[in-house]
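Structural description and commentary
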Amino acid sequence: MKVGKKACYIHASKTDLLDKPADQDSEEVRLISPMDILVRDQTWLKTFFDYSYTFEYFKKKGMKWPLSILIGNRFVGYFDCKMEWRTGRFLIKEKNLFDSAFEDYKGIQLALQDLAAFHGAKEIVEQKPS
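Reference entry: report on the structure contained in this document.

Parameters at a glance
Residues numbered from 1 in each chain as written. Predicted model: local features only at pLDDT ≥ 70, side-chain atom pairs only at ≥ 80, totals over all residues. Heavy atoms only, no water. Pairing = 2+ DSSP bridges. Helix = DSSP H or I, 4+ residues; strand = E, 2+ residues; numbered from the N terminus. Axes fitted to C-alpha atoms, helices over the stretch in contact; angles between N-to-C directions. Contact = heavy atoms within 4.5 Å. Buried < 20%, exposed > 50% of the residue type's maximum accessible area, 1.4 Å probe, protein only. Polar contact = N/O pair within 3.5 Å; in protein donor to acceptor, adjacent residues only side chain to side chain.

Within a sheet, neighbouring strands are paired by backbone hydrogen bonds and run either parallel or antiparallel to one another. Taken in spatial order, the five strands of this open sheet run β3-β4-β5-β6-β7, and their pairing is mixed. A single partner strand is all that each edge strand has here, and the edge strands are β3 (29-32) and β7 (123-126). Ignoring strand direction, the axes of neighbouring strands in this sheet form an average angle of 30°. Most of the contacts of helix α3 (residues 106-118) go to β3, to which it runs at about 50°, and overall it touches β3, β4 (66-71), β5 (74-84), β6 (89-97) and β7.

This is the structure we're talking about:
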């Protein structure tokens, strides 16, 4: 498939996704790392999902590691999280949702709980903006 001057490829096992109507959206929630190939190519991301963000790889002080929130085939925001290994707390340092309809979306909370549990967190703490 060509997008502008760029050739984009899809695995043969996933071609049925191209036939799925755009308005037929899944409710599945995925938290996507900034290092994931899905979000690394900013041009591709903007073309297919109309989504973009800035990520600084080498900033040491105050570094952000935004986890993009993908629900079905739509990016709805991101979280900046941190695991405090000594205390066992999973901190949500920043939460940015682009659509208020997803503010209390249970699937996002469950995905964060799964991620925190994977890291062995004892509690999840959402820091309030100052």
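On we go.
As a further point, take the environment of Lys95. Here Lys95 lies in strand β6. Judged by relative accessible area, which is 32%, Lys95 ranks as partly exposed. As a C-alpha pair, Lys95 and Leu67 span 28 residues in sequence and 9.7 Å in three-dimensional space. Within the structure, the side chain of Lys95 is placed 3.2 Å from the side chain of Glu103, a separation counted as a polar contact.

That's the geometry; what it means functionally is another story.
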